[in-house]
Amino acid sequence: MIRIRPVPRVFLITRLDKRTTAGHLYCKGPTMKFITAYLCLFSCVLAERARQDIKIAGGQPAVAGQFPWLVSIEATNFQESWPLCGGTLISSEWVLTAAHCLDSEKPEWLWVISGEVDRNLNEGSEQYLYVDYFIQHPDYIYWQTPYLNDVGLIHLSTPAILDSYTNLPPLPTSPAPLTGPCWEAGWGATAESAPGSDKLLWAEIDLLASTQCEAAYNSAHDPNAVCAGSVAGGAGACVGDNGGGLVCLDGDGYVIVGGIMSWREGCAQPGKPAVYMDIYKYSDWIIGTIQSSGK
């Protein structure tokens, strides 16, 4: 049986008013609130631009509230916007995404949309959240490929309101390896050279041994990465889906968001699985960065 671990919804509010040196920080506001009790629990138990990046090919439409932690990170001129990447809401004010999604961006150029299903419709579940600043992992190097330490955090100046359509994910609480099957979701392209999908799509994919990604791309072993995808191709992440969360089972059979979509070649091509950053491996940096950003 697949079980979803319940997520606490109690908030611990504090203030932020200083910059952090734990990464590359872009900030435009001196004070802000941060961190939920869920992140406190989380820390205790564990102690080229996104347009060029990998939307869900071969997917099926999602329903409202199916992935309430999934957000769309979009560039905006405040009259219209266009998707860049996906992200995972990990508290009312913090979004976890891939570091490369933030390359060449500025906070004032971005907003985050939660509760979105169909970009062509005003469904009443959407929340439009402004970006205060973002932080890229200090060991991420934008010109280095394949990406290493491709992890970033976005602080929201507009806190999300948690409800049935916008909520926090179950995150890993132990170093136990993920188990399959896994699921991806996003608004990315549905095929090579195709436009992005206006509707949120999802697909089931296989969790693969790291050696399969290393062999597919002739790349060195990355202990902080997870390999997943359809070996036969036809389903999986594509341009625009980067930064979104990889949903898998943990060792106890619970559904968790265990990875951050980082990179792959092509759109769900045979023999070309996707590489994700292992969220548990970066939990200390995530929690430490959030805490060091506060007062």
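Residues numbered from 1 in each chain as written. Predicted model: local features only at pLDDT ≥ 70, side-chain atom pairs only at ≥ 80, totals over all residues. Heavy atoms only, no water.

**Thoughts on helix α2 (residues 210-217)**
- Inspection of α2 places Cys213, Glu214 and Tyr217 among the buried residues, and these make up the whole buried set. End-on view of α2: buried residues confined to an arc of 100 degrees, all on one side of the axis. Residues of α2 that are exposed and point over 90 degrees away from its buried face: Thr211 and Ala215.
- Elements in contact with the buried residues of α2: β14 (225-229), β16 (254-263) and β17 (274-278). (Buried < 20%, exposed > 50% of the residue type's maximum accessible area, 1.4 Å probe, protein only. Helix = DSSP H or I, 4+ residues; strand = E, 2+ residues; numbered from the N terminus. Arc of directions from axis to C-beta. Contact = heavy atoms within 4.5 Å.)

**A look at the pattern of salt bridges**
- One pass over the full model with this rule turns up 1 salt bridge.
- Between Lys272 and Glu265 there is a salt bridge whose closest N-O contact spans 3.2 Å. (Salt bridge = Lys/Arg side-chain N within 4 Å of Asp/Glu carboxyl O.)

**Observations regarding unusual backbone geometry**
- Cis geometry is found at the peptide bond from Thr145 to Pro146, where omega equals -5 degrees.
- Relative to the helices and strands, Pro146 resides in the loop between β10 (127-136) and β11 (152-156).
- For the bond running from Gly180 to Pro181, omega is 0 degrees, close enough to zero to count as cis.
- Take Pro181: it is sitting in strand β12 (residues 179-186).
- Positive phi, close to 65 degrees, is recorded for Ser104, a residue that is not glycine.
- Locating Ser104 in the fold gives a position in the loop between β8 (94-97) and β9 (110-114).
- Of note in this structure, Asn218 is not a glycine but carries a positive phi near 50 degrees.

**Some words on the state of the cysteines**
- Tallying each qualifying case throughout the model produces 3 disulfides.
- One disulfide bridge connects Cys85 with Cys101, the sulfur atoms lying 2.0 Å from each other. On the sign convention where negative is left-handed, the bridge of Cys85 and Cys101, at about -85 degrees about the S-S bond, is left-handed. One end of the pair, Cys85, is in strand β7 (residues 81-91); the other, Cys101, is in the loop between β8 and β9, and 16 residues separate them in sequence.
- Here Cys213 connects covalently by a disulfide to Cys227, the sulfurs 2.0 Å from one another. Here the disulfide of Cys213 and Cys227 is right-handed, its torsion about the S-S bond being about 85 degrees. Residue Cys213 is located in helix α2, and its partner Cys227 is located in strand β14; the two are separated by 14 residues in the primary sequence. (Disulfide = S-S within 2.5 Å.)

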